Amino acid sequence: MPFVRRLSAAALVAGMLVGGAPVGAAEPFTAEQKTAIEALIRDYILKHPEVLLESVASIEARQKAQKEQAVQAAIAENLTVLERSSGDPVLGNPNGDVTVVEFFDYQCGYCKTMMPPLMELVHGDGNIRLVLKEFPILGPASVVAARASLAANMQGKYEPFHVTLMGLRGRLSEGAIWQAASEAGLDLDRLKKDMEDPAVTAIIDANYKLAQALQIEGTPAFTVGRVVVPGAAPKEHLAALVKKAREAGG
């Protein structure tokens, strides 16, 4: 009978897991018994492969739940650093009732693709604080761009510089970064000096640490309220999350 065979196989496996012998057995399996058990298990799995699929699905669901719990705990623990860090540039409505956070890299094509719909959402809503986390993970030029952007923020010109950099296509170079700075009306000498400010390093290091805590490994990545959104997402999805966060009180 299938049920009996399933139960027998499960009991045998359980016995092996608890010490190499069936539950209640006084002695370990002999070599002949182990061979017979392995053959029985193999035969059962070949005839019922869905058992493996069910097992994998169960493990994946458990791992996903554990990850979500860890991320939720990390958000709660780091909420002030995530949404209210004084060094982070803020676009949109600085007094908005919902905060959207983006981790991005200036060499990330998906980040650049996301920018127009993201800004449409922010400006169309009118009550969103958009916190931008410089998260340079795609090479040395990304680090230079991130440092330059944070230095531009010290001159009060983060947004025009950010928009210009995000509009560039292809791989970044220092020449392109300085050109973008000039187009944004920045003082280049001051910019380069401010890029070496320890405060700039501290902001980027904090972003790396925060991303690790939230298990963010790529760009773009967003948080909306207590939800982490990895990768590019449709504007409608982000809008729905904003609505849900607003209903929950931000």
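Details of the structure are given in the entry above.
Here the structure is a predicted model, which is why all the values come from computation and not from measurement. (Residues numbered from 1 in each chain as written. Predicted model: local features only at pLDDT ≥ 70, side-chain atom pairs only at ≥ 80, totals over all residues. Heavy atoms only, no water.)

1. As for the nonpolar core
- Phe161, Ile177, Leu191 and Leu238 are the most contacted members of the largest nonpolar core, which totals 43 residues.
- When residues of this core are traced back to their parent elements, those giving at least two are strand E2 (98–104), helix H5 (109–125), strand E3 (128–134), helix H6 (140–154), helix H7 (158–167), helix H8 (174–183), strand E4 (221–224) and helix H11 (235–247).
- The biggest single contributor to this core is H5, with seven residues.
- Setting aside its immediate chain neighbours within four residues, leucine 191 contacts Ala148, Ala151, Ala152, Gln155, Trp178, Ala181 and Leu186. (Core = buried A, V, L, I, M, F, W, Y, C linked by side-chain atoms within 4.5 Å. Buried < 20%, exposed > 50% of the residue type's maximum accessible area, 1.4 Å probe, protein only. Helix = DSSP H or I, 4+ residues; strand = E, 2+ residues; numbered from the N terminus. Contact = heavy atoms within 4.5 Å.)

2. A closer look at the pairing of strand E5 (residues 227–230)
- In this structure, E4 lies alongside E5, joined through four bridges in antiparallel fashion. Residue pairing for E5: alanine 221 is matched across the bridge by proline 230. (Pairing = 2+ DSSP bridges.)

3. Structural notes on the pattern of salt bridges
- As enumerated under the stated definition, the model contains seven salt bridges in all.
- Among the salt bridges present, the one from aspartate 43 reaches lysine 47, with a minimum N-O distance of 3.6 Å. Of this pair, aspartate 43 and lysine 47 both sit in helix H2 (residues 31–47), four residues apart, which is roughly one turn of the helix.
- Ionic pairing is found between glutamate 120 and lysine 235, a salt bridge with its closest N-O pair at 3.2 Å. Here glutamate 120, found in helix H5, pairs with lysine 235, found in helix H11; they are 115 residues apart in sequence, far enough to count as distant.
- One network of salt bridges, with partners in common, ties together Asp97, Asp125 and Arg246. (Salt bridge = Lys/Arg side-chain N within 4 Å of Asp/Glu carboxyl O.)

4. With respect to the packing of H6 against helix H10 (residues 198–213)
- Two elements in contact, H6 and H10, have axes separated by 10 Å at closest approach and are oriented at 120 degrees. With respect to each other, H6 and H10 are oriented oblique. The hand of the H6/H10 crossing is right-handed. For the pair formed by H6 and H10, the contact residues are Val143, Ala146, Arg147, Leu150 and Met154 on the first element and Val200, Thr201, Ile203, Ile204 and Tyr208 on the second. (Axes fitted to C-alpha atoms, helices over the stretch in contact; angles between N-to-C directions. Parallel < 35°, antiparallel > 145°, perpendicular 65-115°, else oblique. Left-handed = near helix turned anticlockwise from the far one by under 90°.)

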